[in-house]
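Residue-level structural notes
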Amino acid sequence: MGRIGNLFERKKDSILSIYFTAGFPELTSTLPIMKALQKFGADMIELGIPYSDPLADGPVIQASGSKAIANGMTIPKLLDQLRGFRTEIGLPTLMMGYLNPIIQFGFEKFCKAISGLGIDGLIIPDLPLHEFEEYFETLIKKFELDFVFLVTPETPDNRLLKLDGLSSGFLYAVSSSSITGRDKNFDSVENYVKRLKELKLRNPIMVGFGVKDRETFSSAAKYANGAIVGTAFVNQLGKSDNVEEATRVFMQNIR
Amino acid sequence: MISKSFRLNKGTYTQPNIFGYYGNFGGAFIPEMLHRNVEELRENYINIIYDHSFQEEYKSLLKNYVGRPSPLYFAKRISAHYRSKIYLKREDLNHTGAHKINNAIGQVLLANRLGKRRIIAETGAGQHGVATATVCALMGLECVVFMGVKDIERQAPNVARMRMLGATVVPATSGSQTLKDATNEAIRDWINNPDDTHYVIGSVVGPHPYPDMVARFQSIISEEVRQQLFEQTGSELPNLVVACVGGGSNAAGIFYHFLDEPSVELVAVEAAGLGIRSGKSAATTKLGTTGILHGSKSLVMQTEDGQVVEPHSISAGLDYPGIGPMHAHLFESGRAKFLSATDDEALQSALELTRLEGIIPALESAHALAALNQLQLRDDQVLVLCLSGRGDKDLDTYMKTLK
Ligand SMILES: Cc1ncc(COP(=O)(O)O)c(C=O)c1O
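One structure accompanies this document, and this report is about it. (Residues numbered from 1 in each chain as written. Chains lettered and ligands numbered in written order. Predicted model: local features only at pLDDT ≥ 70, side-chain atom pairs only at ≥ 80, totals over all residues. Heavy atoms only, no water.)

**Observations concerning the pattern of salt bridges**
How we decide: Salt bridges are counted wherever a side-chain nitrogen of Lys or Arg sits within 4 Å of a carboxyl oxygen of Asp or Glu. A helix here means a DSSP run of H or I that spans at least four residues, while a strand means a run of E at least two residues long, and both kinds are numbered starting from the N terminus.
Summed over the entire model, instances satisfying the criterion amount to 38 salt bridges over all chains. One salt bridge connects A:Arg3 with A:Asp120, and the closest N-O pair in it is separated by 2.6 Å. Of the two residues, A:Arg3 sits in helix α1 (residues 3-10) while A:Asp120 sits in the loop between α6 (107-117) and β4 (121-123), which places them 117 residues apart along the sequence. Here B:Asp319 ties to B:Arg154 by a salt bridge, and the two come within 2.7 Å at their closest N and O atoms. Taken together, the positions of B:Asp319 in the loop between β12 (296-300) and α14 (325-333) and B:Arg154 in helix α7 (residues 149-154) put the pair 165 residues apart, joining distant regions of the chain. Each of the salt bridges in this network shares a partner with another, and the network as a whole consists of B:Arg68, B:Lys89, B:Glu91 and B:Glu224.

Here it is, written out as structure tokens:
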């Protein structure tokens, strides 16, 4: 079992996973942010690969990606920065990115490289089921990476079961259909997660999109195994010139 | 990235396979949040479009509201100038001034049948936005149009028209602030409004089934051309068909019923901007590589890191860093020839058509006209050119170059 599996084995609830965009606010912020997240108590890291046209993201994450690209962040640069990160970072770490930059780099080459570095899994929101089964799944398995699909309240049961069956690590339950960073009412999340639980899914469930503070974290994490925060953290990073201090303040306010 | 299923069935020139692939291009690369809506469309579009009552309503609106069939006009003086027989398919004479209305009517009727009350669209030149706002006014539907900040400036008359028609025009401020980003914003809006909204994409781009659906709605253009050409020349088939390509919808429409006629040479004209190698261009087949943009795999102008680059064209409707998957396939297979025209060449050709035929073309269509200079034409050859739109919206730009 990998690091992600171990985490969910060890801890059943209130797991906090944090997303940030690699190369933001500074090109070299990647490692310092990861260390700070570990130091101040995050359970898991989602490392975002910046992309010019992130369809599922709101203005905050879009802007962080544009800034990161302007800072010079690329996949080869990111891989460089991650060399040896496992000597310092024990947290389960996934990469999250859109398909285009990854296939331009070379999908197999990418999987091989990140697996070699000690990355645990991948989230690629625009990788379709059909193409996943036909081509990508074999490569992801070959390099022993977890792959996490997104589901929404609109995803029908049969598709949910299918996506759960193809996911490993956890299943990413988008709180309600939206792009990242929108204010949400989490009242309906209870029923949504209950429905997911009744399906007896094989993966633990992490709720994401719109989780931004202690209140939304606790309502999102109450029924699921935990929650994922992105926009609010990226916002905090953008407001400070000390990423360690920004992370400390953020973590203090979230749980 | 070739999958088993499209090795078995690669789709044809006209029609993608069940996963939306034309050869190696197409598909539906969308986040799960869009899945239900796109899937709903995919499951229903063919049945709805070919339903008898839909066809009746669609055809009746095209005839009585849009003014179809649009004329196929034998342009005598331009023909003499280029020593060939040049026929202009007058999409500029459609209500709202471009071919875009053919698709807008089709999709809004379809949305109505799916029970959607809110319509969103992206627009570049504003022609698709105006067409969509027009049909929404006609049907009493809410209409929101996303438009790049730069395009809002350079196509002011169309912005005013959309507002008068009751549409909300939302400025797209991200990225290049043109058509690409307007499309991103429209897709994001659709993700945020999953229940009541239909996204009317304006070209043969986007995730499957959009490219196929839009091509079918625009195919009325070549359906008419075949009949009109037969009436005027005794033959349904020309030697050449020429159209400009932004995303590729007017080209898809005028190519459609000739795609399986090998004797007909198809010419697509892209916007070279300030020149292919100037760094300010929108000529996707010259500068692009295989990538994913707006939910489909196609040719895309991008950096080697896979970041989409900002294109340039004087024509807002061609200022797009990709082309539809159908066209990527026509390019890769060699079925269509791809040429390009610069900003200046398009301006010259616009003026030339205006002075020789008394027709002020849209800047987009002027790119197709500019290709006449690049073709080796003979006087026994029949050429049909898609005059995709009229130039009213571009008068500002034209006046600046005339003085
Ligand atoms: C008159 C006209 N022609 C052509 C285009 C380009 O679009 P497409 O390539 O989809 O026909 C536009 C787009 O706005 C247009 O307004």
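**So, the interface of chain B and chain A**
The condition that has to hold: Contacts are assigned to residue pairs that have any heavy atoms within 4.5 Å of one another. Buried area is calculated as the accessible area (1.4 Å probe) missing from two parts once they are joined, with the contributions of both summed. We define a polar contact as two N or O atoms separated by no more than 3.5 Å, with the added condition that, inside protein, one atom must be a possible hydrogen donor and the other a possible acceptor, whereas residues neighbouring each other in sequence contribute only through side-chain atom pairs. Amino acid classes used here: Ala, Val, Leu, Ile, Met, Phe, Trp, Tyr, Cys and Pro are nonpolar; Asp, Glu, Lys and Arg are charged; the rest, including Gly, are polar.
With 37 residues of chain B at the interface, the matching set in chain A holds 38 residues. Taking both partners together, chain B and chain A bury about 3100 Å²; carbon and sulfur atoms supply 54% of that area. At the boundary of chain B and chain A, one finds 2 salt bridges. Among the ionic pairs, B:Lys180 bridges to A:Asp53, the shortest N-O distance being 2.8 Å. At the boundary of chain B with chain A, the tally comes to 20 residue pairs in polar contact (both at pLDDT 80 or more). Contributions of two or more residues to the side of chain B that touches chain A are made by α1 (4-8), α2 (35-49), α9 (179-192) and β11 (289-293) of chain B. The biggest single contributor to the side of chain B that touches chain A is α9(B), with 8 residues. Per-class residue counts for the side of chain B that touches chain A are 14 nonpolar, 14 polar and 9 charged.

**Some words on the packing of α2(B) against helix α10 (residues 210-218) of chain B**
All names here are of chain B. Formally: Helix axes are fitted to C-alpha atoms over the stretch in contact, other axes to C-alpha atoms as well, and angles between N-to-C directions run from 0 to 180 degrees. Comment on the angle field: the value is read as roughly parallel under 35 degrees, roughly antiparallel over 145, roughly perpendicular from 65 to 115, and oblique elsewhere. Left-handed describes a crossing whose near helix is turned anticlockwise from the far helix by less than a right angle; the clockwise case is right-handed.
One can describe the packing of α2 onto α10 by two numbers: an axis separation of 10 Å at closest approach and a directional angle of 15 degrees. On the basis of their axis angle, the class for α2 and α10 is roughly parallel. As for the relative orientation of α2 and α10, their crossing is left-handed in sense. For the pair α2 and α10, contact is made by Leu41, Tyr45, Ile46 and Ile49 and by Tyr210, Asp212, Met213, Arg216 and Phe217, respectively. Taken together, the residues of the contact of α2 with α10 sort by class into 7 nonpolar, no polar and 2 charged.

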